[in-house]
Amino acid sequence: MATMLVTDLSRAQFALTALFHIVWPVLTIGLSFFLVVIEALWLKTGDVDYYRHARFWAKLFVLNFSVGVVTGLPLEFEFGTNWAEFSRFAGDFFGAALGFEGAMAFMLEAGFLSIMLLGWKRVPRAVHFFATLMVAAGASLSALWIVMANSWMQTPAGGSVVNGRFVLTDFWAAMFNPDMVWGVSHMWVAALETGCFVVGGVSAWYVLKNRNPAFFMKSFRMAVLAAVLITPLQIYLGDGSGKSVFVYQPAKGAAIEGHWHTNPVGQGAAWAVAAWPDAEKGANDWEIKIPNALSLLATSTWDGQVKGLLDIAPQDRPPALPLLFYSFRLMVAIGFYFFVLMTLSVWHAWRHGWQATAWQSRPWLLKGWLWAVPLGYIAVELGWTVREVGRQPWLVYGLLRTSEGASPLPASSVMFSMAGYSLLYIVLAIAFFIFARRWLRKGPDLALESPAVASHGWQDRRI
């Protein structure tokens, strides 16, 4: 019982630190690419508004990046303090992946960040643009290595267990494990989507308040046009990722869908639109179903066989079934909200153009973008909840159980550290919102001047 308590406390602490931390790198990735595009437009067109946008949004970027760095450090330490047995088991690959993330991705991002923020009038413009590119590349590389390591935990490959340790024999196979392509791409595009709707939502707020509306219509238009590409792509990637789950983690797939009975061959599985799964009963207390729809979603056929939870050993089934069931559905609902909002926005732009007054006459549409700002974060949190809770009771799927990976610590020590992290995160969140509010209320500096950009493009000049 004491061991179970310590494991549960360590899980709760890691969930707290991970769910709080993930908020910041998501926007870091999405906003870094927006800064690349906005700076490229300034260099290409010479439009001073793009330069002012770059300076304005860079302040939010550095504020977000700073909190992300501070909140990410505890996660690295927890692998050694709270999950030492997991680190011993998986260190051959997992330790290497996190090492690459620090040495390759974080150092690249941090190394060029000062040039991007402080080098506007100190380095040639090509050097500054290169620094912005490297910051964006570093942010994405960081996500690549971290999600790749997590994907390996979902579908381990590239070695075997020898004397209680995973011995790596093929690093490339471990990197490109079955979940890697779907996991990395789905997460990376989620970051782009979150950044897109944060930029669009903040810009919509300024337009709605009639504060520099012409200026912010430029960033709003960019957000809408980016959403045209990003939102359908994310739906496609989500669908592919979901189908992969039913192949490689059938217990997670069945838990997400509240699916208890494996459907007979030739007879499609019904999809529960809404239900309340009950693990003790081994059934749903109530449900609203669509015939054959789960087979279509999981296998792309009307009568594909989908394994049910009752055909999986009870000790191998994920816990917290209602949490998994509704986290997944809320995440999907947010994705479709983004798609509908994007569609309505494109239709409005096609009918009425991009003048601020045309959009101010439809305040409900601008408010829809404003409401979308927190929804991207919520969708990411829900997605990681599904991904991580759905993997339980395994730390490394099929190889190492969560109960076997925790460090033998006193419960009081874990409770003390969790209370400390909670207090730290509350302070950081308050500080972030105070500074972000000041940034939002102050707005852009429209008096900023930039050197003229030569009409023929990209010659090396000092900025």
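Computed from a predicted model, the values in this text were never measured in an experiment. (Residues numbered from 1 in each chain as written. Predicted model: local features only at pLDDT ≥ 70, side-chain atom pairs only at ≥ 80, totals over all residues. Heavy atoms only, no water.)

**Some details on the nonpolar core**
So, point 1. Judged by nonpolar contacts, the single largest core of 74 residues is most densely connected at Leu31, Trp57, Phe61, Phe197, Phe220, Trp359 and Trp369.
So, point 2. Not counting the four nearest positions on each side in its chain, Phe220 is found in contact with Gly200, Ser203, Ala204, Trp354, Trp359, Leu366 and Trp369.
So, point 3. In this structure, Ala90, Ala139, Met148 and Ala190 belong to the second largest nonpolar core, which totals 34 residues. (Core = buried A, V, L, I, M, F, W, Y, C linked by side-chain atoms within 4.5 Å. Buried < 20%, exposed > 50% of the residue type's maximum accessible area, 1.4 Å probe, protein only. Contact = heavy atoms within 4.5 Å.)

**Brief notes about unusual backbone geometry**
So, point 1. The residue after Gln392, namely Pro393, is reached through a cis peptide bond having omega 10 degrees.
So, point 2. Relative to the assigned elements, Pro393 resides in the loop between helix H13 (363–391) and strand E5 (394–396). (Helix = DSSP H or I, 4+ residues; strand = E, 2+ residues; numbered from the N terminus.)

**What about the environment of Ala90?**
So, point 1. Structurally, Ala90 can be placed in helix H4 (residues 84–118).
So, point 2. Separated by 77 residues in sequence, Ala90 and Val167 place their C-alpha atoms 8.1 Å apart.
So, point 3. Dropping the residues within four chain positions of it, Ala90 is found in contact with Gly95 and Trp152.

**With respect to the pattern of salt bridges**
Working definition: two side chains of opposite charge can pair if their charged atoms are close together.
So, point 1. As enumerated under the stated definition, the model contains 12 salt bridges in all.
So, point 2. Arg387 is the partner of Asp179 in a salt bridge, and the nearest nitrogen-oxygen pair spans 2.6 Å. Residue Asp179 is located in the loop between helix H6 (171–175) and helix H7 (180–208), and its partner Arg387 is located in helix H13; the two are separated by 208 residues in the primary sequence. For the pair shown, Asp179 and Arg387 are each scored as buried.
So, point 3. Here Glu257 and Arg329 are joined by a salt bridge, their closest N and O atoms 2.6 Å apart. In this pair, Glu257 sits in helix H9 (residues 250–257) while Arg329 sits in helix H11 (residues 321–352), placing the two residues 72 residues apart along the sequence. Here the two residues Glu257 and Arg329 agree in accessibility, since each one is buried.
So, point 4. The network of salt bridges with common partners includes Asp47, Asp49, Arg52 and Lys218. (Salt bridge = Lys/Arg side-chain N within 4 Å of Asp/Glu carboxyl O.)

**Considerations on the pairing of strand E2 (residues 165–168)**
So, point 1. The pairing of strand E1 (residues 159–162) with E2 spans 4 bridges and is classified as antiparallel. Looking at E2, one finds that Val162 is bridged to Arg165.
So, point 2. The hairpin formed by E1 and E2 contains 2 residues between the paired strands, and Asn163 there has a positive phi angle of roughly 55 degrees. (Pairing = 2+ DSSP bridges.)

**Considering a nonpolar patch on the surface**
So, point 1. On the surface, a nonpolar cluster with roughly 520 Å² of combined accessible area is contributed by Val332, Phe336, Phe339, Val340, Leu344 and Trp364.
So, point 2. Per-element tally for the nonpolar patch: the top contributor is H11, with 5 residues. (Patch = residues over 30% accessible without salt bridge, like charges linked within 9 Å, V, L, I, M, F, W, Y side chains within 5 Å. Areas by Shrake-Rupley, 256 points an atom, 1.4 Å probe, with all protein chains shown as cover.)

**Observations concerning the packing of aromatic side chains**
So, point 1. Going through the model one piece at a time under the given rule, you end up with 40 aromatic pairs.
So, point 2. Aromatic pair Tyr206 and Phe216: ring centres 3.9 Å apart, planes at 0 degrees, arrangement stacked. Taken together, the residues Tyr206 in helix H7 and Phe216 in helix H8 (residues 213–248) connect sequence positions 10 residues apart.
So, point 3. With a centroid separation of 6.3 Å and an interplanar angle of 20 degrees, the aromatic rings of Tyr421 and Tyr425 are classed as stacked. Taken as a pair, Tyr421 and Tyr425 lie in helix H15 (residues 411–442) at a separation of 4 residues, close to a single helical turn.
So, point 4. Its relative accessible area of 3% is what places Tyr425 among the buried residues. (Phe/Tyr/Trp six-rings, centres within 6.5 Å; stacked < 30°, edge-to-face > 60°.)

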